[in-house]
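An overview of the molecular structure
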Amino acid sequence: MCGIVGYIGKKQAAPVLLEGLTKLEYRGYDSAGVAVSDACGKIEIVKAQGKLKELKKKTNDGKSLGGNCGIGHTRWATHGVPNETNAHPHCNDDGTIVAVHNGIIENYAELKAKLIRRGYDFYSQTDTEVATKLVDYYYKKYAEPLKAVSEFALKVRGTYALAVLFADRPEEIYAIRKDSPMVIGTAGGDCFLASDVPALLSYTRDVYYVENFQIAHLKDGKVDFYNLDSERIDVPVTKITWDAKAAEKNGYEHFMLKEIYEQPRVVEDTLNYLVQGGEIDFSELQLRGEALKSVRGIVIVGCGSAYHVGVAMQYVIEDLARMPVRVELASEFRYRNSVLSGEELLIVISQSGETADSIAALREAKERGLKTLAVVNVVGSTIAREADWVLYTKAGPEISVATTKAYSAQLVAGYAIAIKLASVRGTVSAEERRMLVAQLRLLPEKIREILQEPTAIQQFAAETMDRKNAFFIGRGIDYAVSMEGSLKLKEISYIHSEAYAAGELKHGAISLIEDGTLVFGVLTQEGLAEKTISNLEETKSRNAHVAVVATKGIEPPKTCDRIFYIPQTDPHFTASLSVIPLQLYSYYLSVAKGNNVDQPRNLAKSVTVE
Ligand code: M6R
């Protein structure tokens with residue numbers, strides 16, 4: 001979702017800005033723009049609707065724009081259609097103040113009305129133009145950029161990462177954030193600013209994670225930080241340890257395929273971090289058994305795939321640790337007046353750690369007195385910083401909008417939490433625990449085994465690419481995986497798809513089954529498979545096209561059209577295996593349709609708006 005970049009230094013700014021924006025493309029966007037100021041402070045803005053190649057074309061890859069200082073933006077439309085006028089950067093009336101913004105100004109209508117009363121005109125439908133003109137108003141009033149930016153922060157409600165150029169202060173950038181990520185790096189006399197680390201990695205590994213309400217002033221190859229009272233503050237430097245190569249395709253046609261194939265390794269890495277000497281060990285999280293002993297229930301929140309991990313965890317934790325677990329969509333949790341005793345542990349799951357709904361749910365839980373554990377992939381993200389404990393999934397940077405490896409890493413993190421809770425509560429014996437951990441350790445090899453045979457899935461995807469509707473059904477953990485399989489398919493193939501608890505289909509949705517409707521059944525649970533098979537037969541009798549993902553040893557329905565087998569594992573952990581054919585299926589189908597696999601339409605990697 002929207003990406004911002006900034007640069008000041010010895011190089012020509014525009015090519016650096018475009019390179020940074022290219023690294024942020026994965027976040028999802030529908031228009032882009034840059035603003036570059038020369039040494040005399042003249043600011044030139046160029047914008048283009050559509051993908052970055054349009055902006056590159058307009059600027060001859062940035063070479064046609066002179067100047068060593070600039071800001072850039074990729075926009076994912078929130079206020080106003082995705083056209084050139086609404087694209088960022090935005091400016092004041094005489095083009096002397098120019099800004100890019102990631103986030104949402106919630107009270108923009110109210111502020112806009114006030115600014116109109118003060119004589120301002122507006123050319124776009126965006127909240128960012130309002131933000132820019134608000135800064136302009138306070139700059140005219142106080143003639144002090146720090147004051148103008150802090151007054152802006154005091155007046156707006158919402159989220160923002162804002163970077164501003166002032167024409168009368170050439171070669172300086174002012175920036176501020178609230179609840180939208182911003183990182184800054186310096187190297188050899190150059191300063192870089194971005195929404196996310198990949199945009200900086202070709203230049204530096206030493207980055208500052210800007211906190212809420214901190215103002216950054218970039219000038220002369222260094223960055224100074226201030227609070228809202230314009231007092232200097234210290235912000236620590238963090239060393240980025242992951243390899244820049246990890247955010248590149250490495251010969252794969254798409255990031256999604258690369259990330260699917262990285263799953264054995266990320267599952268292994270996450271387990272290496274959580275398992276010591278055959279036991280689940282949370283000492284790195286500083287989460288001791290005693291802290292878990294007093295927990296009376298679990299509330300899991302997340303969005304999209306992270307929520308689906310929560311659904312799978314619910315089955316596993318309830319079965320192993322015998323304690324009540326509730327899973328809620330983060331976007332709903334915060335608005336419900338939930339009945340909580342305060343003795344629950346809230347587990348928030350998020351790849352990016354920046355999802356606005358999940359952040360809001362975490363804050364709501366903290367306000368309600370709950371202890372909080374974050375399962376997060378991005379180090380230093382907002383959720384990681386705000387939760388009481390953090391369990392980092394070791395997936396490395398995930399670029400494709402459709403999550404795969406982060407989902408798999410979250411699943412094993414969830415199993416580890418379940419086993420830990422079971423051990424603290426004494427609901428599994430030491431012997432059972434060891435067996436479970438031993439089974440966990442075998443998962444990477446089993447995922448690898450499934451990934452070795454993609455051809456049949458690829459073929460099936462090509463055969464079924466023209467379907468209009470699909471259903472994914474299963475019971476228990478298989479239902480949780482069905483939800484994920486269905487989301488994967490719809491988000492990148494644009495085929496309408498639903499996940500149903502297998503027993504529920506006959507209560508309404510079966511009326512949608514007609515000749516050729518695709519139905520995927522997930523069959524990994526011995527005791528439940530027979531029931532789901534009956535439900536699959538019911539769809540087959542209505543001429544559905546039935547495919548099954550089944551654990552070896554489970555006899556699928558005789559009438560099904562295609563079977564994809566997965567290796568056996570402990571029944572609690574089957575989601576880690578059954579999801580793999582479903583990911584591959586969606587991937588190959590999207591490729592067959594010629595879709596933009598890594599950046600599907602209308603979607604963003606990190607959803608920083610509510
Ligand atoms: O970064 P998060 O894990 O908090 O993101 C949550 C969802 O937006 C995310 O899982 C989304 O559903 C994915 N595109 C699914 O592939």
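Residues numbered from 1 in each chain as written. Predicted model: local features only at pLDDT ≥ 70, side-chain atom pairs only at ≥ 80, totals over all residues. Heavy atoms only, no water.

Here's the deal with the overall build of the protein chain
Counting its regular elements, the protein chain contains 18 helices and 27 strands. In terms of overall size, the protein chain behaves like a compact globule, its C-alpha atoms giving a radius of gyration of 25 Å where 610 residues would be expected to give roughly 25 Å. A total of 610 residues make up the protein chain; the buried ones form 61% of that total. Sequence separation of 24 or more characterises 70% of the internal contacts of the protein chain that already satisfy a separation of 6 or more. (Helix = DSSP H or I, 4+ residues; strand = E, 2+ residues; numbered from the N terminus. Rg over C-alpha atoms; globule rule 2.2 N^0.38 Å. Buried < 20%, exposed > 50% of the residue type's maximum accessible area, 1.4 Å probe, protein only. Contact = heavy atoms within 4.5 Å.)

Section: the environment of K51
With respect to the helices, strands and loops of the structure, K51 is situated in the loop between β3 (43-49) and α2 (52-58). Exposure remark for K51: the relative accessible area of 28% places this residue in the partly exposed category. Along the primary structure K51 and Q410 are separated by 359 residues, whereas in three dimensions their C-alpha atoms are 31 Å apart. Discounting residues that sit within four places of it in the chain, K51 has contacts with Y29, N596 and Q599. A distance of 3.4 Å separates a polar atom in the side chain of K51 from the backbone oxygen of Y29. (Polar contact = N/O pair within 3.5 Å; in protein donor to acceptor, adjacent residues only side chain to side chain.)

So, the site of the ligand
Of all residues adjacent to the ligand, which total 15 residues, the nearest are S350, Q351, S352, T355 and E491. The separation between an oxygen atom of the ligand and a polar side-chain atom of S350 is 2.6 Å. Contact between the ligand and K488: an oxygen atom at 2.9 Å from a side-chain N or O atom of the residue. Protein contact buries 90% of the 410 Å² of open area that the ligand shows by itself. Only α9 (304-321) and α16 (477-493) provide two or more residues apiece to the shell around the ligand. Class assignment of the residues belonging to the shell around the ligand gives a composition of 6 nonpolar, 7 polar and 2 charged. (Near = heavy atom within 4 Å. Areas by Shrake-Rupley, 256 points an atom, 1.4 Å probe, with all protein chains shown as cover. Nonpolar A, V, L, I, M, F, W, Y, C, P; charged D, E, K, R; others polar.)

Re the pattern of salt bridges
This structure, assessed with the given rule, holds 37 salt bridges. Across the pair E129 and K133 runs a salt bridge, and its minimum N-O distance is 2.6 Å. Taken together, the positions of E129 and K133, both in helix α4 (residues 127-142) and 4 residues apart, correspond to about one turn of that helix. The same class applies to E129 as to K133, namely buried. Of the charged contacts, one joins E463 and R562 as a salt bridge, the two residues approaching to 2.7 Å between their closest N and O atoms. Of the two residues, E463 is situated in helix α15 (residues 455-463) and R562 in strand β27 (residues 562-566); the sequence distance between them amounts to 99 residues. Of the residues examined, E463 reaches a relative accessible area of 43% and is grouped as partly exposed. On the accessibility criterion, R562 (23% relative accessible area) is partly exposed. Here the salt bridges share partners, and the residues they tie into one network are K258, E262, R265, D269 and K405. (Salt bridge = Lys/Arg side-chain N within 4 Å of Asp/Glu carboxyl O.)

What about the packing of helix α7 (residues 263-274) against helix α13 (residues 405-425)?
As a packed pair, α7 and α13 sit with axes 9 Å apart at the nearest point and diverge in direction by 30°. Taken together, the axis directions place α7 and α13 in an arrangement best described as roughly parallel. Between α7 and α13 the crossing geometry is right-handed. Between α7 and α13, the residues in contact are Q263, V266, V267, T270, L271 and L274 and K405, S408, A409, V412, A413 and A416, respectively. Partitioned by chemical class, the residues of the contact of α7 with α13 number 8 nonpolar, 3 polar and 1 charged. (Axes fitted to C-alpha atoms, helices over the stretch in contact; angles between N-to-C directions. Parallel < 35°, antiparallel > 145°, perpendicular 65-115°, else oblique. Left-handed = near helix turned anticlockwise from the far one by under 90°.)

Looking at the nonpolar core
Counting 107 residues, the largest nonpolar core has I347, L391 and F520 as the members making the most contacts within it. Of the residues forming this core, the biggest block, 12 residues, is contributed by α13. Excluding residues within four positions of it along the chain, I347 makes contact with I298, V299, I300, V301, M313, L373, V375 and I417. By size, the runner-up hydrophobic cluster in this structure holds 32 residues, among which are A14, V46, A48 and L200. (Core = buried A, V, L, I, M, F, W, Y, C linked by side-chain atoms within 4.5 Å.)

Thoughts on the sheet that holds β3
Read from one edge of the open sheet, 8 strands run β3-β2-β4-β1-β10-β9-β11-β15, paired in antiparallel fashion. Here the strands that pair on one side only, and so sit at the sheet edges, are β3 and β15 (237-239). The mean angle between the axes of side-by-side strands here comes to 20°, regardless of whether they run parallel or antiparallel. Bridge analysis of strand β9 (residues 183-187) against strand β10 (residues 190-194) gives 5 bridges, and the strand direction is antiparallel. Bridging across to β10, V183 finds its partner in A194. (Pairing = 2+ DSSP bridges.)

Concerning unusual backbone geometry
Note the cis peptide between H88 and P89, where omega equals -5°. Although it is not a glycine, Y494 adopts a positive phi angle of roughly 65°. Tracing the sequence through the fold places Y494 in the loop between α16 and β24 (496-501). Classification of Y494 as partly exposed rests on a relative accessible area of 26%. Despite not being glycine, N602 shows a phi value in the positive range, around 65°. You can call N602 exposed: its relative accessible area is 64%.

Regarding the packing of aromatic side chains
Centre distance and the angle of the planes are the two values used to describe a pair of aromatic rings. Applying the stated criterion across every chain yields a total of 17 aromatic pairs. Judged by centre distance (5.1 Å) and plane angle (70°), the ring pair of Y587 and Y588 falls under edge-to-face. With respect to class, Y587 is no different from Y588; both count as buried. Ring-pair connections join several aromatic residues into one group, and the members of that group are F460, F472, F520, F564 and Y585. The cationic tip of K147 hangs over the ring face of Y142; the distance from NZ or CZ to the ring centre is 4.9 Å. Just above the ring of Y494 sits the side chain of R601; from NZ or CZ to the centre is 3.8 Å. (Phe/Tyr/Trp six-rings, centres within 6.5 Å; stacked < 30°, edge-to-face > 60°. Lys NZ or Arg CZ within 6 Å of the ring centre and 35° of its normal.)

Side note on the packing of α16 against helix α18 (residues 575-592)
For the pair α16 and α18, the least separation of the axes is 9 Å and the interaxial angle reads 15°. By the angle between their axes, α16 is roughly parallel relative to α18. The handedness of the crossing between α16 and α18 is right-handed. The segment α16 lies against α18, with I477, V481, E484, G485, K488, L489, I492 and S493 engaging A575, S578, V579, L582, Y585, S586, Y587, L589 and S590.

Everything listed here is a matter of coordinates, which is why it stays silent on function.
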